[in-house]
Amino acid sequence: MKNAISIETEKEYHKMMLEIHELMKNGETHQTASEVEQLKKMALLVEKYEDDVLKLKPVKQSKST
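Residues numbered from 1 in each chain as written. Predicted model: local features only at pLDDT ≥ 70, side-chain atom pairs only at ≥ 80, totals over all residues. Heavy atoms only, no water.

This next bit is on the pattern of salt bridges. Within this structure, the stated rule accounts for 3 salt bridges. A salt bridge links Lys 40 to Glu 37, with the shortest nitrogen-to-oxygen separation between them at 3.5 Å. Taken together, the residues Lys 40 and Glu 37, both in helix 2 (residues 33–52) and 3 residues apart, mark about one turn of the helix. The exposure class assigned to Glu 37 is partly exposed, which follows from its relative accessible area of 39%. For Asp 52, the salt bridge goes to Lys 48, with nearest N and O atoms at 2.5 Å. Of this pair, Asp 52 and Lys 48 are both found in helix 2, 4 residues apart, which corresponds to roughly one turn of the helix. Judged by relative accessible area, which is 37%, Asp 52 ranks as partly exposed. (Salt bridge = Lys/Arg side-chain N within 4 Å of Asp/Glu carboxyl O. Helix = DSSP H or I, 4+ residues; strand = E, 2+ residues; numbered from the N terminus. Buried < 20%, exposed > 50% of the residue type's maximum accessible area, 1.4 Å probe, protein only.)

Counting 10 residues, the largest nonpolar core consists of Ile 7, Tyr 13, Met 16, Ile 20, Leu 23, Leu 39, Met 42, Leu 45, Val 46 and Tyr 49. Contributing elements (two or more residues each) for this core: helix 1 (10–24) and helix 2. Of all the elements, helix 2 adds the most residues to this core, at 5 residues. Setting aside its immediate chain neighbours within four residues, Ile 7 contacts Glu 12, Tyr 13, Met 16, Leu 45, Val 46 and Tyr 49. (Core = buried A, V, L, I, M, F, W, Y, C linked by side-chain atoms within 4.5 Å. Contact = heavy atoms within 4.5 Å.)

Tallying each qualifying case throughout the model produces 1 aromatic pair. Residues Tyr 13 and Tyr 49 carry aromatic rings whose centres are separated by 5.0 Å and whose planes lie at 25° to one another, so their mutual orientation is stacked. Linking Tyr 13 in helix 1 with Tyr 49 in helix 2, this pair joins segments that are 36 residues apart in sequence. Judged on exposure class, the residue Tyr 13 and its partner Tyr 49 are both buried. (Phe/Tyr/Trp six-rings, centres within 6.5 Å; stacked < 30°, edge-to-face > 60°.)

The terminal C-alpha atoms of helix 2 lie 29 Å apart, and with 20 residues this matches the ideal 28 Å at 1.5 Å per residue to within 8%. Three or more residues of helix 2 are buried, namely Leu 39, Met 42, Leu 45, Val 46, Tyr 49 and Glu 50. Angular distribution of buried residues about the axis of helix 2 spans 135°; they occupy a single face of the element. Those residues of helix 2 that are exposed and aimed more than 90 degrees away from the buried face are Ala 33 and Leu 44. Against helix 1 lie the buried residues of helix 2. (Expected span 1.5 Å × (residues − 1). Arc of directions from axis to C-beta.)

Spatial relationships are all this shows, so hold off on functional conclusions.
Below is the structure:
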């Protein structure tokens, strides 16, 4: 992953999702500290893109009475 500050396009989003998938294939116990940090940063970028562009923010449900 480049030192991305944000995801600007759907293509960049999909590319980052593939990179995340590749890093996660080995499982948590087989990741280096560097890979874990990289995953955290990438996850934050993806989440921001999903919230801001794809509008995938979770909807708060009202309490049932």
